[in-house]
Amino acid sequence: MTHGGGLTIGVLGSYGGRNLGDEAILTGLLTDLRTQEPNARIIVFSRNPEHTRAAHPDVEAVPWEGVSRTDSALVLAQLDLLILGGGGILYDREARRYLRVVRVAQERGLPLITYAVGVGPLGEAVDTGMVRETLSSAIQVTVRDQESRMVLEEAGLLNPITVTADPAFLLQPEDFPAHLLAEEGVPVGQRLVGISVREPGRAAERLDVDGYHRLLAQIGDFLVHRIDACVLFVPMERDDIRHAHGVLSHMVAADRGRILHGTYSPQQILGLMRHFDLAVGMRLHFLIFAAMVGTPFLPLPYAGKVFDLAQRLGVPALRGVEREVEGPLLAEVDRLWDEREQRAEGTARRVAEVCDQARGTSEVTRGVLESLRRQTLTRV
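From a predicted model like this one, the values you see are computed outputs, not experimental measurements.

A.B. asks: Sorry if this is basic, but what is going on with the overall build of the chain here?
C.D. replies: In terms of regular secondary structure, the chain is built from 14 helices and twelve strands. The globule rule puts the C-alpha radius of gyration for 380 residues at 21 Å, and the 21 Å found for the chain is close to it. Seen through its principal axes, the chain has C-alpha atoms that stretch 70 × 45 × 40 Å. Each of the 380 residues in the chain was classed as buried or not, and the buried ones make up 57%. Across the chain, every contact between residues at least 6 apart in sequence was considered, and the portion connecting residues at least 24 apart equals 73%. Summing over all exposed atoms, the chain offers an accessible surface of approximately 15700 Å²; the carbon and sulfur share of this is 48%. For the chain, the distance from the average position of its 41 positive side-chain charges to the average position of its 50 negative side-chain charges is 3 Å.

A.B. asks: Can you help me understand helix α3 (residues 69–76) in this one?
C.D. replies: In an α-helix, one turn spans 3.6 residues; hence positions three or four apart end up facing the same way. By the burial criterion, the buried members of α3 are Ser 72, Ala 73, Val 75 and Leu 76. An end-on view of α3 places all buried positions within 160 degrees of arc, on one side of the element. Among the exposed residues of α3, those pointing more than 90 degrees away from its buried face are Thr 70 and Leu 74. Summarising the contacts, the buried residues of α3 are in contact with β2 (41–46), β3 (60–63) and α4 (95–107).

A.B. asks: Where do I start with the sheet that holds strand β11 (residues 278–281) in this structure?
C.D. replies: Either a parallel or an antiparallel arrangement is found when strands of a sheet pair, and the pairing is made through backbone hydrogen bonds. Strand order across the open sheet formed by five strands is β10-β9-β8-β11-β12, with parallel pairing between neighbours. For this open sheet the edge positions go to β10 (257–259) and β12 (297–299), each flanked by a neighbour on one side alone. Across the sheet, the mean angle separating the axes of adjacent strands is 20 degrees when strand polarity is ignored. Note that strand β9 (residues 229–233) and β10 share three bridges and pair parallel. Looking across to β10, one finds that Leu 232 is bridged to Arg 258. Strand contacts of helix α9 (residues 239–248): β9 and β10, with the helix running at about 170 degrees to β10, the strand carrying the most contacts.

A.B. asks: Whenever I open this one, the packing of aromatic side chains confuses me. Can you help?
C.D. replies: The geometry of an aromatic ring pair comes down to the distance between the two centres and the angle between the two planes. Applying the stated criterion across every chain, the model contains two aromatic pairs. When the ring centre of Trp 337 is taken as reference, the NZ or CZ atom of Arg 340 above it lies at 3.6 Å.

A.B. asks: Sorry if this is basic, but what is going on with the domain arrangement of the chain here?
C.D. replies: The parts lose accessible area when they come together, and the size of an interface is often stated as this lost area. Taken domain by domain, the chain comprises domain 1 (8–163) and domain 2 (178–354). Facing 17 residues of domain 1, the contacting portion of domain 2 comprises 18 residues. Taken together, domain 1 and domain 2 are joined by zero salt bridges. Here the element with the most residues in the side of domain 1 that touches domain 2 is helix α1 (residues 20–36); it accounts for six residues. Grouping the constituent residues of the side of domain 1 that touches domain 2 by class yields five nonpolar, four polar and eight charged.

A.B. asks: When you look at the nonpolar core in this model, what are you seeing that I'm missing?
C.D. replies: In summary, soluble globular proteins display a tendency toward joint burial of nonpolar side chains. Ranked by internal contacts, the top residues of the largest apolar core, which has 95 residues, are Phe 233, Leu 272 and Phe 289. Residues lining this core come from more than one domain, with at least three contributed by each of domain 1 (8–163) and domain 2 (178–354). Ile 43, Ile 89, Leu 110 and Leu 135 belong to the second-largest nonpolar core, a separate cluster that totals 35 residues.

A.B. asks: Teacher, can you tell me more about the pairing of β2 here?
C.D. replies: Within a regular beta strand, the side chains point alternately toward one face of the sheet and then the other, so they alternate between its two faces. In terms of burial, β2 is largely enclosed, as six of its six residues are buried. What you see with β2 is no split at all: Arg 41, Ile 43 and Phe 45 on one side and Ile 42, Val 44 and Ser 46 on the other are buried throughout. In the sheet, strand β1 (residues 8–12) pairs with β2 via five bridges, with the strands oriented parallel. By the bridge assignment for β2, Leu 12 is matched with Phe 45. Handedness of the crossover joining β1 and β2 through α1: right-handed.

A.B. asks: Can you help me understand the packing of α3 against α4 in this one?
C.D. replies: Any two packed helices are characterised by how steeply their axes cross, that is the angle between the axes, and by the distance between the axes. Following both chains from N to C, one finds α3 and α4 inclined at 60 degrees, their axes separated by 10 Å at the closest point. Considered as vectors, α3 and α4 are oriented oblique to each other. Like other packed secondary-structure pairs, α3 and α4 cross with a definite hand, here right-handed. Every residue of α4 that contacts α3 at Arg 69, Ala 73 and Leu 76 is listed here: Val 101, Val 104, Ala 105 and Glu 107. Residues belonging to the contact of α3 with α4 are distributed by class as follows: five nonpolar, no polar and two charged.

A.B. asks: Explain unusual backbone geometry here, please?
C.D. replies: Leaving glycine aside, a negative phi is the common case for residues, and trans is the common case for peptide bonds. Backbone torsion omega between Gly 85 and Gly 86 reads -5 degrees, so that peptide bond is classified as cis. Of note, the amide linkage connecting Gly 120 to Pro 121 takes the cis form, showing an omega dihedral of 0 degrees. Inspection of the secondary structure puts Pro 121 in the loop between β5 (112–119) and α5 (125–135). Of note, the phi angle at Asp 228 is positive, near 55 degrees, even though the residue is not glycine. Mapped onto the elements, Asp 228 comes out in the loop between α8 (209–227) and β9. Note on Asp 228: relative accessible area 45%, which makes it partly exposed.

What counts, and at which threshold
Residues numbered from 1 in each chain as written. Predicted model: local features only at pLDDT ≥ 70, side-chain atom pairs only at ≥ 80, totals over all residues. Heavy atoms only, no water. Helix = DSSP H or I, 4+ residues; strand = E, 2+ residues; numbered from the N terminus. Rg over C-alpha atoms; globule rule 2.2 N^0.38 Å. Buried < 20%, exposed > 50% of the residue type's maximum accessible area, 1.4 Å probe, protein only. Contact = heavy atoms within 4.5 Å. Areas by Shrake-Rupley, 256 points an atom, 1.4 Å probe, with all protein chains shown as cover. Lys, Arg positive; Asp, Glu negative; His and termini not counted. Charge placed at Lys NZ, Arg CZ, Asp CG, Glu CD. Arc of directions from axis to C-beta. Pairing = 2+ DSSP bridges. Axes fitted to C-alpha atoms, helices over the stretch in contact; angles between N-to-C directions. Phe/Tyr/Trp six-rings, centres within 6.5 Å; stacked < 30°, edge-to-face > 60°. Lys NZ or Arg CZ within 6 Å of the ring centre and 35° of its normal. Domains from an automatic or database assignment. Salt bridge = Lys/Arg side-chain N within 4 Å of Asp/Glu carboxyl O. Nonpolar A, V, L, I, M, F, W, Y, C, P; charged D, E, K, R; others polar. Core = buried A, V, L, I, M, F, W, Y, C linked by side-chain atoms within 4.5 Å. Right-handed = clockwise from strand over helix to strand, strands pointing away. Parallel < 35°, antiparallel > 145°, perpendicular 65-115°, else oblique. Left-handed = near helix turned anticlockwise from the far one by under 90°.

Here you go:
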């Protein structure tokens, strides 16, 4: 339903869960929508509407988990368009939860697009079937990487699929003053290495927690001695703090490690990455942030989406985070430090290309919004 001369747009994704990667996606997506449709009324379906409203005061936020079909339909009836995504939300046992809302929308004839969504793994028949059936009715399907397109094709989706890039590549960094590092207990004047860990969770259920804690501890100790650095663990969501402590407990040089405890926006964490001489990490958006500001980084792929990013940016990455790769991994960290200047130009060029691809989602969305505006004018 039009609102103040603009469209009413719903956005459904993994928002409100206090995950900095998901919040980066939402920030990039909302910035894009506001640029294209300044007068839009935007309703975000959120796990924590209060958190979403505080972070984005210019949008409305409503719950979707545990909400009945009838109550969902009341909100969906107000929309001109439903956007699914971005982010990696269409995978086993999780896809069905989001698509329950999408099905209610489609029963009402509401247009659907996906916005640089991440897909997979998909192996369970319920989720695979729901993804294929719901997305077959979408006006446009955009995914954030090649792996997601392959998963959709294997699921039997016949729609054209456009590969773009993660909306986080649309963000601009905010300054992260040195005094904030000092307040976090980070020594001034020393080299600084950023490290990102993650919990096993639904997206990484096969992680050997103790094994990867010990592996990252080896990397931390190696860099402390190799380049005389301090290491700063950057939690992308709150449970990462516990796992950072787990890694520190295995480090010989634990006194040279710190954990970021403050609450910061995605743009601030993007600005923080400028302080790092090197970054080593598991979380996808930690690595995206490092790439965007030109910090040399080494991915530790626990899932296809991280390996896909490494391939896209031409960055070496060993598959897996098992102890068996300890020797080759330390050798790769050593090589990354030695070759950081030679690699910088090539990585920056590829990052610029991916940023352009992220803006490609805007092009697809723009066409849909223009069509909806024309339909609205025709009805008037």
